[in-house]
Amino acid sequence: MKISLEHIGRRFNREWIFRDINYEFGSGNSYAILGANGAGKSTLLQVISGSLSSSEGKISYLKGDKVIDQEKVFINLSMAAPYLELIEEFTLTELIDFHFRFKKYHKDFDRKSVIELLGLKNSEFKAIKYFSSGMKQRVKLALAFCSDTDLLLLDEPASNLDQQGLEWYLSLASNLSSDRLVIICSNQEQEYSFCRNRLNIADYK
Ligand SMILES: Nc1ncnc2c1ncn2[C@@H]1O[C@H](COP(=O)(O)OP(=O)(O)OP(=O)(O)O)[C@@H](O)[C@H]1O
């Protein structure tokens, strides 16, 4: 998958958050979107995901040599972010089954192996509302990584994770990213250090 941003800008009311971003993202690569708190990282990620429109410029998506409509991009992506909530009333098993009604499993996974990957066999029938914040974050990441999607968008992926959780996330990133386009919003070096490409929002103010 290839994503091209041409002169992309976004404002809220009269305040421009970023302007004139020209950038190309390509499959098989990992990208970090960097910037201080409030710089506009999440805003840009939401523009890339198609869930927020840009105020100016053009964004285009190519899969092979086929153009994908912006409204259909969501089929090709999975995303984990602090502002995307899990359905708290569901048990872990129900949540996984619900998620994979809309996304296909990555070829190496099914419900059982996702639960194994999470290390949450003892909590499979527990409601998500009783999960700790770190357990919820692991669930968000596992659902994103274990979906068969070309584009993986991660906003602050290590938030709420302890050292062991951070290592677990880094192993997912190293094992389940090949051939995908991975874009990470972060200001914590440890969660994006493996990204070869960096885009700093401060350059587009
Ligand atoms: N819906 C909205 N209406 C008005 N302003 C908004 C809206 N969403 C975001 N903003 C503003 O846009 C700016 C960028 O916010 P954004 O969440 O993208 O930053 P960020 O770089 O992801 O920050 P953080 O590192 O704290 O998560 C902030 O000033 C924020 O207040």
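Residues numbered from 1 in each chain as written. Predicted model: local features only at pLDDT ≥ 70, side-chain atom pairs only at ≥ 80, totals over all residues.

The name given to the protein in an unreviewed UniProt entry is ABC transporter, with Daejeonella rubra as the source organism.

Draft legend 1. The UniProt feature "domain: ABC transporter" (unreviewed entry) in the protein, seen in detail. Mapped onto this numbering, the UniProt entry annotates "domain: ABC transporter" (unreviewed entry) at residues 3–204. A helix fraction of 29% and a strand fraction of 28% characterise residues 3–204, whose end C-alpha atoms lie 18 Å from each other. (UniProt positions renumbered as here; feature names shortened; annotations may be inferred. Helix = DSSP H or I, 4+ residues; strand = E, 2+ residues; numbered from the N terminus.)

Draft legend 2. Inspection of the site of the ligand at higher detail. Contacts to the ligand come from F12, I17, G35, N37, G38, A39, G40, K41, S42, T43, C185 and N187. Top contributing element to the shell around the ligand by residue count: helix α1 (residues 41–49), with three residues. When the residues that make up the shell around the ligand are grouped by side-chain class, the tally is four nonpolar, seven polar and one charged. (Near = placed C-beta within 6 Å. Nonpolar A, V, L, I, M, F, W, Y, C, P; charged D, E, K, R; others polar.)

Draft legend 3. Up close: the nonpolar core. Among the nonpolar cores identified, the biggest contains 55 residues, and Y31, I33, A142, A144, L153, I183 and I184 are the most heavily contacted of them. At six residues, helix α4 (residues 133–145) tops the list of elements feeding residues into this core. (Core = buried A, V, L, I, M, F, W, Y, C linked by C-beta atoms within 7 Å. Buried ≥ 20, exposed ≤ 12 C-beta atoms within 10 Å, placed from the backbone.)

Draft legend 4. Fine view of the packing of helix α3 (residues 111–118) against α4. Remark: α3 packs on α4, axes separated minimally by 10 Å, with the N-to-C direction vectors making an angle of 140 degrees. Taken together, the axis directions place α3 and α4 in an arrangement best described as oblique. For α3 against α4, the interelement crossing comes out right-handed. From α3, V114, L117 and L118 reach across to α4, where they touch R138, V139 and A142. Split by residue class, the contact of α3 with α4 holds five nonpolar, no polar and one charged. (Axes fitted to C-alpha atoms, helices over the stretch in contact; angles between N-to-C directions. Parallel < 35°, antiparallel > 145°, perpendicular 65-115°, else oblique. Left-handed = near helix turned anticlockwise from the far one by under 90°. Contact = placed C-beta atoms within 7 Å.)

Draft legend 5. Structural context of the sheet that holds strand β9 (residues 197–200). With parallel pairing, the five strands of this open sheet are ordered in space as β6-β7-β8-β3-β9. In this open sheet, the two strands that pair with only one neighbour each are β6 (77–80) and β9. Averaged over all adjacent pairs, the angle separating strand axes in this sheet is 15 degrees, with direction ignored. Sheet topology places strand β3 (residues 30–34) next to β9; four bridges connect them, and they run parallel. Counterpart to A32 in the pairing with β9 is R198. Contacts from α4 reach β6 and β7 (151–155) within the one sheet, and its direction differs from that of β6 by about 170 degrees. (Pairing = 2+ DSSP bridges.)

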